[in-house]
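Residue-level structural notes
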Amino acid sequence: MPKRTPKAARRADGRSHPSSSEILTRSVLEFVCFARVPNWIPAYAGMTSKMTIEGRRRKVSRPLHIRITEPIAMSDTQPQPIDLLIEARWVVPVEPHAVVLEDHAVAVTGDRIVAVLPIAAARTTYAPRETVRLPEHALIPGLVNAHTHNPMTLLRGLADDLPLMVWLQQHIWPAEAKVIGPEFVRDGVELAVAEMLRGGTTCANENYFFPDAIGATYRKLGFRAVVGLPVIEFPTAWAKSQDEYFERAGEVHDSFRGDALVSTAFAPHAPYTVSDESFARIRVLADQLDIPVHLHLHETAHEVEEEKAKSGLRPFQRLQKLGLVNDRLIAVHMTQLTDGEIAACAEAGVSVVHCPESNLKLASGFCPAEKLRKAGVTLAIGTDGCASNNDLDMFGELRTAALLAKAVANDAAAFDAASALRAATLGSAKAMGLDAKIGSIEAGKQADLAAVRLSDLETQPLYHVASQLAYAAGRHQVSDVWVAGRRKLAARELVDMDVAGVLARAHAWRERIAER
Ligand SMILES: [Zn+2]
């Protein structure tokens, strides 16, 4: 745990630090709050510098300023060695909600965040092996893409401007049938990881065939992912029978047990392609293996009507009957929801992944994001696959989510900037069962971080950091990214990927797929 009071010491280089008799007058903790004082203040009471809470200005007439000026005693403790100190103009921790920490640093050792504290205090508390200074940047938790089919990055732009079923049945599935296999999956994921890192994304909830090859690729590239174990009611190149789907799911799960970056979830495709019997098996196995169930659900009105005609139930009701509406369920899309279903999601702890751009592009409908948020449902954001988006840009996605939520709710105050950023980080992490590890910048969590340069003319002048991130910044402003404490992007350069090779393989697949 970080020390709340920075302690002076003599550094290894012999330069003098203030002795214990000296007193560092705590610089003003200026806390500009527009609502009640939250209960997390004591956690920061030893820190210097300035914090602001954004996004609550509408509710009160006058800001509350708290100034704390009592001195902090210094001690003779040696600076603590750490691997990395990232000093940023702003740190947006996401938790506490809607807080922006000015001139703060994030201390990292190994794969973990050790402390979040003011830069001045960090410089006396820690002896970092490496210091990265980001004087014009906001440091945010790495974005978490809660629903994607990343091998399909190789099908980007193959068939556009078509209805969902025509798109899927006449274009995507035939193309996949021709090329699908471990090599296609590996090269698609590799291209996707390069794109995601350059967009500030550090974790993906994957849903595609050949999860063995997918997981191995993520592991090799040092990228965090939850890999879906596919179940679908017809034979594919991955498995020929229901038994084989489950057998292979078990093998893949076992092969990633205990992995630092890759874990698994069941990924039944959708209610209209999975039988009651398979869902029943998934329910039991997901409980036994303690993994989530990642499922497309209520993507379109047509899906709901079709199920009603078949079973007399809405797909959600059918899942309730099968015991799958619980806190393991990651329900993707959810454009068709009754108030009762929203309440049931909240009560059962279901997470909903909002994929607004895919829903818009396929004219699938609108997820009632603000209603879900207000009901207390965990809301996550995903891009969906590149064949229906057509990018993996989580900045674009969270902006679309925020804008669309306002239109759907007919309320400009709906789904504010801080809430959109939260959904794209901690919300997604929680949906995937990873919120104890990632999704916010807090001591003890994994150092999955992204720096966004806000000095560009596109994000000037700057009044509110969260607004700028949600409504003005683009992924091209992501400068640096770390996954589990390892630098993956430095000044927009991918530090450990063969970019020329990634592009060459993408071009080769394009030639093969286009000639069909
Ligand atoms: Zn999808």
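Residues numbered from 1 in each chain as written. Predicted model: local features only at pLDDT ≥ 70, side-chain atom pairs only at ≥ 80, totals over all residues.

Along the chain, the regular secondary structure elements total 16 helices and 21 strands. Out of the 516 residues belonging to the chain, those deemed buried represent 51%. A fraction of 75% describes how many contacts in the chain between residues 6 or more apart in sequence connect residues 24 or more apart. (Helix = DSSP H or I, 4+ residues; strand = E, 2+ residues; numbered from the N terminus. Buried ≥ 20, exposed ≤ 12 C-beta atoms within 10 Å, placed from the backbone. Contact = placed C-beta atoms within 7 Å.)

Of all six residues that make up strand S10 (residues 143-148), six are buried, and the element is covered over most of its length. Alignment of S10 against strand S11 (residues 201-206), held across four bridges, turns out to be parallel. Paired with Leu143 across the bridge in S11 is Thr201. (Pairing = 2+ DSSP bridges.)

Time to look at the nonpolar core. Residues Val106, Leu139, Val352 and Leu398 are the most contacted members of the largest nonpolar core, which totals 146 residues. Split by domain, the residues of this core number at least three in each of domain 1 (1-140 + 449-484) and domain 2 (143-439 + 485-494). Contacts of Val352, omitting those with residues within four sequence positions, involve Ala331, Met334, Cys345, Cys367, Leu372, Val377, Leu379 and Ala380. (Core = buried A, V, L, I, M, F, W, Y, C linked by C-beta atoms within 7 Å. Domains from an automatic or database assignment.)

Attention shifts here to helix H6 (residues 242-255). Compared with the 20 Å implied by 1.5 Å per residue over 14 residues, the 20 Å span of H6 between its first and last C-alpha is a close match. All of the buried residues along H6 are Tyr245, Ala249, Val252 and His253. Along H6, the residues classed as buried sweep out an arc of 100 degrees about the axis, all on the same side. Residues of H6 that are exposed and point over 90 degrees away from its buried face: Asp243, Glu247, Glu251 and Asp254. Structurally, H6 contributes buried residues whose contacts are with helix H5 (211-221), strand S12 (224-231), strand S13 (262-268) and helix H7 (276-289). (Expected span 1.5 Å × (residues − 1). Arc of directions from axis to C-beta.)

Glancing now at the pairing of S13. Side chains on a regular strand alternate between the two faces of the sheet. The buried count for S13 comes to seven of seven residues, which makes it a mostly enclosed element. Burial of the side chains of S13 extends over both faces: Val262, Thr264, Phe266 and Pro268 are buried on one face and Ser263, Ala265 and Ala267 on the other. Two elements, S12 and S13, share seven bridges in a ladder whose sense is parallel. If you follow Val227 over to S13, its bridge partner there is Thr264. The β-α-β motif built from S12, the intervening H6 and the parallel element S13 has right-handed crossover chirality. (Right-handed = clockwise from strand over helix to strand, strands pointing away.)

Turning our attention to the packing of helix H13 (residues 394-409) against helix H14 (residues 417-431). Closest axis-to-axis distance for the H13/H14 pair is 9 Å, and the angle between their directions is 130 degrees. Taken together, the axes of H13 and H14 are oblique relative to one another. At the point where H13 passes H14, the crossing takes the right-handed sense. The residues of H14 that touch H13, namely those facing Met394, Leu398, Ala401 and Ala402, are Ala417, Ala420, Leu421, Ala423 and Ala424. (Axes fitted to C-alpha atoms, helices over the stretch in contact; angles between N-to-C directions. Parallel < 35°, antiparallel > 145°, perpendicular 65-115°, else oblique. Left-handed = near helix turned anticlockwise from the far one by under 90°.)

Here we come to unusual backbone geometry. Residue Pro96 follows Glu95 across a cis peptide bond; omega there is 5 degrees. Locating Pro96 in the fold gives a position in the loop between strand S6 (80-91) and strand S7 (99-109). Here the phi dihedral of Phe210 falls at roughly 60 degrees; this positive angle occurs in a residue that is not glycine. For Phe210, the location among the structural elements is in the loop between S11 and H5. Phe210 gets classed as buried once you count the C-beta atoms within 10 Å, which come to 25.

Before going further, it helps to examine the packing of helix H4 (residues 182-197) against H5. For the pair H4 and H5, the least separation of the axes is 9 Å and the interaxial angle reads 40 degrees. Relative to H5, H4 is oriented oblique. With respect to the hand of their crossing, H4 and H5 are arranged in right-handed fashion. Of the residues in H5, those in contact with Pro182, Val185, Arg186, Val189, Glu190 and Val193 of H4 are Ala213, Ile214, Thr217, Tyr218 and Leu221.

Among the structural elements, Arg328 can be located in the loop between helix H9 (315-321) and strand S15 (329-333). With 63 residues separating them along the chain, Arg328 and Ala265 place their C-alpha atoms 9.3 Å apart. Filtering out sequence-adjacent residues up to four positions away, Arg328 remains in contact with Ala286, Pro292 and Val293.

Listed as buried for helix H10 (residues 339-348) are Glu341, Ile342 and Cys345. For H10, the angular spread of the buried residues around the axis is 105 degrees, confining them to a single face. Those residues of H10 that are exposed and angled more than 90 degrees off the buried face are Asp339, Gly340 and Glu347. Those residues of H10 hidden inside the fold are in contact with H9, strand S16 (351-354) and helix H12 (369-375). Backbone geometry just after H10 places Gly349 at a positive phi near 80 degrees.

So, on to the confidence of the model for the chain. A residue-level look at the chain finds 85% of positions with pLDDT of 70 or above and a mean pLDDT of 88. Note on residues 55-74: pLDDT is under 50 here. Beyond four places in sequence and across chains, it has 48 contacts. (pLDDT = per-residue confidence, 0-100.)

The next subject is the environment of Glu183. Within the element layout of this structure, Glu183 appears in helix H4. Using a count of 13 C-beta atoms within 10 Å as the deciding quantity, one classes Glu183 as partly exposed. Counting along the chain gives 32 residues from Glu183 to Pro151, while the straight-line C-alpha distance between them is 9.7 Å.

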